[in-house]
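# Chain and residue survey
The residues making up each chain are set out below.
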Amino acid sequence: MEIQDAVVLITGGAIRLGRAHGLHLAGKGAHIAFTYLPGEPWQETKKEIEALGVRCTATELDVRKLDAVRQWMAQTEHELGHIDVLINNASPWIMRPFLEVTEAEYDLCNDVTVKAAFFCTQAVAPYMLRTGRGVIINIADLSVYATWPHLAHHAIAKAGVVQLTHYAARELGPVIRCNAVAPGPVLMPPDFTAEQTEAARQHTLVKRLGAPGDVSRMIAFLIENDFLSGHVYFVDGGELFSYS
């Protein structure tokens, strides 16, 4: 699929990696529709995207509210004409020891990370099937494949995202392709210490940290390459191999 003039939906697109993906794809000519949560700097992100010469819409949305998700997609099609790509990016970051994870925290992680991704995929599919093309990109995580302290709830939800990718690719193909990207140390959590950041760097095979653009370029590649579907692509500097 050509990125030029494609309409790309991004959940959680105002900050961090979601913002980076929107800016990168806008730079390649895509029109962007992203969601944000209260308090996030969505105006700045929207202005930066529009400055690249494309159209952009920003919608305050809790992706757990399925009726609001469906309304967002209908409004996006009305305003931008069609929907070509969905990036299921929204996911909370909560580190907690296994014995201290509350039911509310578990539900939040699961509902935003995988349940919402499932129903966003289900909601967007009819638009793509109607136009005869579509790409869905899910954001997975290395914690699915390596066991790290304090991330059991997060990894379980991301494992669901991996399986969602496989099943969506099988059931929605050949019209819709679905892949996942598993980033490594490209953007450290804001509460990481210098020691934790250095440890992440040392665990890569290339002995350096990546950047958000590394993940965004992989997403662009997966959009453009029409022969790729049903897989998880690692952007981790070889970090996963250090745990095997």
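Above: the structure in question.
This text gives an overview of the structure that appears in the document. (Residues numbered from 1 in each chain as written. Predicted model: local features only at pLDDT ≥ 70, side-chain atom pairs only at ≥ 80, totals over all residues. Heavy atoms only, no water.)

Here we come to the side chain of histidine 31. Within the secondary structure layout, histidine 31 lies in strand E2 (residues 31-36). The buried category is assigned to histidine 31, whose relative accessible area is 16%. Of note is the side chain of histidine 31, whose polar atom sits 3.3 Å from the side chain of aspartate 5. Histidine 31 has contacts with Asp5, Ala6, Val7, Val8, Val54 and Arg55, leaving out every residue within four places of it along the chain. (Helix = DSSP H or I, 4+ residues; strand = E, 2+ residues; numbered from the N terminus. Buried < 20%, exposed > 50% of the residue type's maximum accessible area, 1.4 Å probe, protein only. Polar contact = N/O pair within 3.5 Å; in protein donor to acceptor, adjacent residues only side chain to side chain. Contact = heavy atoms within 4.5 Å.)

On to the packing of aromatic side chains. Counted under the stated rule, the structure contains 3 aromatic pairs. A centroid spacing of 5.0 Å and a plane angle of 70 degrees characterise the contact between phenylalanine 118 and phenylalanine 119, whose relative ring orientation is edge-to-face. Of the residues examined, phenylalanine 119 reaches a relative accessible area of 25% and is grouped as partly exposed. Look at tyrosine 145 and phenylalanine 234: their rings are 5.1 Å apart centre to centre, the planes differ by 70 degrees, and that puts the pair in the edge-to-face class. Of this pair, tyrosine 145 sits in the loop between strand E5 (134-139) and helix H5 (152-172) while phenylalanine 234 is found in strand E7 (residues 232-235), placing the two residues 89 residues apart along the sequence. The exposure class of phenylalanine 234 is partly exposed, given its relative accessible area of 33%. (Phe/Tyr/Trp six-rings, centres within 6.5 Å; stacked < 30°, edge-to-face > 60°.)

One finds Leu25, Ile32, Ile87 and Ile219 to be the most contacted residues of the largest nonpolar core, which totals 32 residues. The leading source of residues in this core is helix H7 (residues 212-224), at 6 residues. When sequence neighbours within four positions are dropped, the list of residues in contact with isoleucine 219 reads His21, Leu25, Ile87, Ile137, Ile139 and Val181. Counting 26 residues, the second largest nonpolar core, distinct from the first, contains Leu9, Leu61, Trp72 and Ala123. (Core = buried A, V, L, I, M, F, W, Y, C linked by side-chain atoms within 4.5 Å.)

What follows covers the pairing of E2. For E2, the tally of buried residues reaches 6 of 6 residues, placing the bulk of the element in the interior. Neither face of E2 is open: one carries His31, Ala33 and Thr35, the other Ile32, Phe34 and Tyr36, and all of them are buried. Bridging between strand E1 (residues 7-10) and E2 involves 4 bridges; their strand directions are parallel. What sits directly across from valine 7, in E2, is histidine 31. Where E2 and strand E3 (residues 56-60) come together, 5 bridges link them in parallel fashion. Following the sheet pairing, alanine 33 is matched in E3 by threonine 57. Handedness of the crossover is the feature at issue here: the chain leaves E2, passes through helix H2 (residues 42-50), returns alongside E3, and the resulting connection is right-handed. (Pairing = 2+ DSSP bridges. Right-handed = clockwise from strand over helix to strand, strands pointing away.)

Next up on the list: the packing of helix H1 (residues 16-27) against H2. One way to put it is that H1 packs onto H2 with a least axis distance of 9 Å and a crossing angle of 15 degrees. Here H1 lies roughly parallel to H2, going by the angle between them. Seen along the crossing, H1 lies across H2 with a hand that is right-handed. On the side of H1, the interface is formed by Arg19, Gly22, Leu23 and Ala26, while H2 contributes Thr45, Glu48 and Ile49. Of the residues contributing to the contact of H1 with H2, the split by class is 3 nonpolar, 2 polar and 2 charged. (Axes fitted to C-alpha atoms, helices over the stretch in contact; angles between N-to-C directions. Parallel < 35°, antiparallel > 145°, perpendicular 65-115°, else oblique. Left-handed = near helix turned anticlockwise from the far one by under 90°. Nonpolar A, V, L, I, M, F, W, Y, C, P; charged D, E, K, R; others polar.)

The next thing to look at is the sheet that holds E2. Strand order in the open sheet made by the 7 strands is E3-E2-E1-E4-E5-E6-E7, with parallel pairing throughout. Looking along the sheet, the strands with just one partner apiece sit at the ends: E3 and E7. Recorded for the sheet is a direction-independent mean angle of 20 degrees between the axes of neighbouring strands. The sheet strands contacting H5 are E5, strand E6 (176-183) and E7, and the helix crosses E6 at an angle near 160 degrees.

With that settled, the discussion passes to the pattern of salt bridges. Counted under the stated rule, the structure contains 11 salt bridges. Glutamate 48 is the partner of arginine 19 in a salt bridge, and the nearest nitrogen-oxygen pair spans 2.7 Å. Linking arginine 19 in helix H1 with glutamate 48 in helix H2, this pair joins segments that are 29 residues apart in sequence. For arginine 19, a relative accessible area of 27% gives the class partly exposed. One salt bridge in this structure joins lysine 46 and glutamate 50, with 2.6 Å as the shortest N-O distance. Pair noted here: lysine 46 and glutamate 50 are both in helix H2, with a separation of 4 residues, about one helical turn. Take glutamate 50: its relative accessible area is 33%, and that puts it in the partly exposed class. (Salt bridge = Lys/Arg side-chain N within 4 Å of Asp/Glu carboxyl O.)

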